[in-house]
Amino acid sequence: MRTTPPNPLTTRRRWRRIASAVTATAALLLTGLTTAAQAQAADTSSSKVTWTRSCALPRRPGEMACNALRVTGGRTAFQQQHGITARAAEASSPSGYGPTDLRNAYGLTSAAANNGSGRTIAIVDAYDDPNAESDLAAYRSHYGLPACTTANGCFKKVSQTGSTTALPTADSGWAGEISLDLDMASAICPNCHITLVEAKSASMANLGTAVNEAVSLGAKYVSNSYGGGESSSDATYDSTYFNHPGVAITVSAGDAGYGAEYPAASKYVTAVGGTSLSTSSTTRGWTESVWRTSSTEGTGSGCSAYDAKPAWQTDTGCAKRMIADVSAVADPATGVSVYDTYGADGQGWATYGGTSASAPIIASVYALAGTPSTGSYPATFPYANTSALNDVTSGSNGSCATSYFCTARTGYDGPTGLGTPEGLGAFTG
């Protein structure tokens with residue numbers, strides 16, 4: 001068996017891209033022009049979809065960034081599908097896919113209606129969203145979902161220490177991320193309870209502590225929509241924060257195109273890649289391809305430089321942990337509707353993309369599928385039942401020496417893993 005070791009040059013180039021982006025972002029902040037820091041998605045109509053990152057890029061080792069991208073203009077796939085003209089992303093009505101679209105696309109309509117009662121999805125993010133509960137209520141009310149509030153016991157917001165009162169500092173960018181995560185959990189599993197665990201900062205240590213708190217509070221499904229560069233500390237992070245048998249932990253693969261990120265590289269989590277999702281004339285009624293906007297913007301994937309390859313992952317080109325395992329919609333041009341009112345960028349309805357959308361979607365599919373068996377690592381489940389997934393076979397997220405690391409193909413590939421959900425079969429075990 002011939003394996004390909006991690007390429008140090010590729011790693012250095014990836015960090016140079018991140019460093020350049022950080023420098024550019026800092027310059028924009030100094031000149032007050034942060035709204036110009038936008039990227040453009042694939043041209044889905046005569047009006048391109050544009051977006052901006054919700055959170056700052058990592059500025060130092062051990063710091064994470066959320067993987068949420070907020071649409072700022074153009075005409076989304078949802079708007080095209082429904083004959084809606086292009087409009088500003090922050091609007092009085094949704095401009096992205098809603099619960100019905102997502103459940104239909106992933107074969108979850110019946111499961112969403114009947115499953116999930118008594119199960120808790122934990123959302124782990126950094127900083128506080130003061131409007132989390134009221135924004136969640138607005139989203140669920142609009143789509144006719146059952147109320148999920150502190151009063152009725154469905155919703156709970158705590159700090160990384162479990163406090164309901166001593167919460168972190170509020171942050172507008174992470175508030176958008178939080179709204180995205182809460183809304184996706186609601187869209188896929190409306191009968192589930194939701195616990196929001198807020199870390200006091202975006203460091204891996206604090207976010208990891210929040211993961212442990214989520215598990216200690218009883219969550220069997222934990223969504224993490226953030227990532228950063230890999231490091232020699234990752235093995236320690238693995239054992240300290242992510243080794244929770246019997247708990248489905250999902251992590252975004254990243255939004256910077258081809259290249260591995262942590263904690264998606266953890267061998268204890270389900271790494272979730274991103275797709276472009278559009279309606280089609282197929283029997284399924286939907287079609288998907290690898291999400292990619294440019295060489296530095298699209299779903300993450302790749303061969304880890306540090307994390308050992310888990311026994312259940314059998315691709316032969318990567319000697320260590322390969323990202324991703326499965327995938328779901330992430331392209332902002334085919335993005336999802338979110339309701340967020342906190343901060344300058346929280347004006348009500350907006351469309352979001354990024355693998356911050358796909359991670360909570362997959363966590364919620366695990367929740368619909370049922371409690372993982374004692375001692376199991378749910379990341380293994382899709383590998384045992386690949387026929388219950390939509391195989392994504394087109395598109396790439398960059399250039400790479402080993403083709404499947406960055407290019408879709410029949411069967412397993414890096415950008416989309418084994419595919420996207422087609423019902424619950426691949427998420428049960």
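What comes next is a walk through the structure.

Cut-off values and rules
- Position numbers for residues count from 1 along each chain, tracking the sequence in the order it is written.
- Thresholds applied to this predicted model are a pLDDT of at least 70 for local features of residues and 80 or more for the giving and counting of side-chain atom pairs; totals over whole chains, interfaces and linings are not thresholded and use all residues.
- To obtain the side-chain values, all non-hydrogen atoms of the structure were used and water was disregarded.
- Numbered from the N terminus, helices here are DSSP runs of H or I no shorter than four residues, and strands are runs of E no shorter than two.
- Note on exposure labels: buried denotes an accessible area under 20% of the residue type's maximum, exposed denotes more than 50%, and partly exposed covers the range between, all computed with a 1.4 Å probe on protein chains only.
- Contacts are residue-level and defined by heavy atoms, with any inter-residue pair within 4.5 Å sufficient.
- Method for areas: the Shrake-Rupley scheme with a 1.4 Å probe, in which residue coverage is limited to the protein chains shown.
- For a helix, the expected span equals 1.5 Å multiplied by the number of residues minus one.
- To define axes, lines are fitted to C-alpha atoms, for helices over the stretch in contact only, and angles between the resulting N-to-C directions are given on a 0 to 180 degree scale.
- The crossing is said to be left-handed when, going from far helix to near helix, the turn is anticlockwise and less than a right angle, and right-handed when the turn is clockwise.
- Put simply, Ala, Val, Leu, Ile, Met, Phe, Trp, Tyr, Cys and Pro go in the nonpolar bin, Asp, Glu, Lys and Arg in the charged bin, and everything else, Gly too, in the polar bin.
- In these notes the angle categories are as follows: under 35 degrees is roughly parallel, over 145 is roughly antiparallel, 65 to 115 is roughly perpendicular, and the rest is oblique.
- Only a pair of cysteine sulfur atoms within 2.5 Å qualifies as a disulfide here.
- Two N or O atoms form a polar contact when they lie within 3.5 Å of each other; inside protein one atom must be a possible hydrogen donor and the other a possible acceptor, and for residues adjacent in sequence the pair counts only when both atoms belong to side chains.
- Throughout, nonpolar core names a set of buried Ala, Val, Leu, Ile, Met, Phe, Trp, Tyr and Cys residues whose side chains join them through atoms within 4.5 Å.
- Any pair of Phe, Tyr and Trp rings, taking the six-membered ring for Trp, is counted once the centres come within 6.5 Å. Such a pair is stacked with planes under 30 degrees apart, edge-to-face with planes over 60 apart, and tilted for the rest.

Summing up its helical and strand segments, the protein chain has 10 helices and 21 strands in all. When each of the 429 residues of the protein chain is scored for burial, the buried share is 58%. Sequence-distant contacts, at least 24 apart, represent 74% of the contacts inside the protein chain between residues at least 6 apart. Surface accessibility of the protein chain: about 15,100 Å² in total, with carbon and sulfur atoms responsible for 51%.

Turning our eyes to something else, we now look at unusual backbone geometry. For the bond from Tyr262 to Pro263, the omega torsion is 15°, close enough to zero to count as cis. With respect to the helices and strands, the residue Pro263 is situated in the loop between strand E10 (248-252) and strand E11 (270-279). In this structure, Ala324 follows Ile323 across a cis peptide bond, with omega equal to 15°. Position of Ala324 among the secondary structure elements: in the loop between strand E16 (320-323) and strand E17 (326-329). Although it is not a glycine, Tyr127 adopts a positive phi angle of roughly 65°. Turning to its location among the elements, Tyr127 is positioned in the loop between strand E5 (120-126) and helix H5 (132-142). By relative accessible area, Tyr127 is classed as partly exposed at 22%.

This brings us to helix H9 (residues 355-369). Between the first and last C-alpha of H9 there are 21 Å, a value that for 15 residues agrees with the 21 Å anticipated at 1.5 Å per step. Positive phi appears at Gly370, one or two residues downstream of H9, with a value of about 115°.

Here we come to the packing of helix H6 (residues 172-188) against H9. Any two packed helices are characterised by the angle at which their axes cross and by the distance between the axes. Running from N to C, H6 and H9 cross one another at 35°; their axes reach a closest spacing of 8 Å. Crossing angle aside, the handedness with which H6 passes H9 is right-handed. Every residue of H9 that contacts H6 at Glu177, Leu180, Asp181, Met184, Ala185 and Ile188 is listed here: Ser356, Ala357, Pro360, Ile361, Ser364, Val365 and Leu368. Classifying every residue of the contact of H6 with H9 gives 9 nonpolar, 2 polar and 2 charged.

Let us look at the packing of H5 against H6. Direction vectors running N to C along H5 and H6 enclose 40°, while the axes themselves pass 10 Å from each other. By the angle class used here, H5 and H6 are oblique. Pair H5 / H6 crosses with right-handed handedness. Facing Ala132, Asp135, Leu136, Tyr139 and Arg140 of H5, the residues of H6 in contact are Ile178, Ser179, Leu182, Asp183, Met184, Ser186 and Ala187. Considering only residue class, the contact of H5 with H6 consists of 7 nonpolar, 2 polar and 3 charged.

A separate point is the state of the cysteines. Disulfide: a covalent bond connecting the sulfur atoms of a pair of cysteines. All chains considered together, the criterion is met by 5 disulfides. Covalent S-S linkage joins Cys148 and Cys154, the inter-sulfur distance amounting to 1.9 Å. Because the sign of the S-S torsion sets the handedness, a value of about -85° for the bond joining Cys148 and Cys154 places this disulfide among the left-handed ones. Here Cys148 and Cys154 have matching classes, each one buried. The side chain of Cys400 participates in a disulfide bridge whose partner is Cys406; the two sulfur atoms lie 2.1 Å from each other. Because the torsion about its S-S bond is -80°, the bridge between Cys400 and Cys406 counts as left-handed. In this structure Cys406 comes out as buried when scored by relative accessible area, which is 2%.

This paragraph deals with the side chain of Ser337. Here Ser337 lies in strand E18 (residues 336-340). In terms of polar contacts, Ser337 uses its side chain to reach the backbone amide nitrogen of Gly96, at 2.8 Å. Among all residues touching Ser337, those that are not within four sequence positions of it are Pro94, Ser95, Gly96, Tyr97, Tyr139, Tyr143, Asp183, Met184, Trp349 and Ala350.

Counting 105 residues, the largest nonpolar core has Val124, Leu182, Val222, Tyr226, Phe242, Val336 and Phe427 as the members making the most contacts within it. Judged by nonpolar contacts, the second largest core, of 7 residues, contains Val49, Leu69, Trp291 and Ala333.

Turning next to the packing of aromatic side chains. Enumeration over the complete set of coordinates arrives at 15 aromatic pairs. Centre to centre, the rings of Tyr237 and Tyr262 are 5.9 Å apart; their planes meet at 40°, and the pair counts as tilted. With a gap of 25 residues between them, Tyr237 in helix H8 (residues 234-242) and Tyr262 in the loop between E10 and E11 connect regions that are remote in the sequence. Judged by its relative accessible area of 1%, Tyr262 falls in the buried class. With centroids separated by 5.0 Å and ring planes inclined at 55°, the aromatic side chains of Trp312 and Tyr383 adopt a geometry described as tilted. In this pair, Trp312 sits in the loop between strand E15 (302-308) and E16 while Tyr383 sits in helix H10 (residues 381-384), placing the two residues 71 residues apart along the sequence. Grouping residues by exposure puts Trp312 and Tyr383 together as buried. Three or more aromatic residues joined by ring pairs form one cluster here, namely Trp312, Tyr383, Tyr404, Phe405 and Tyr412.

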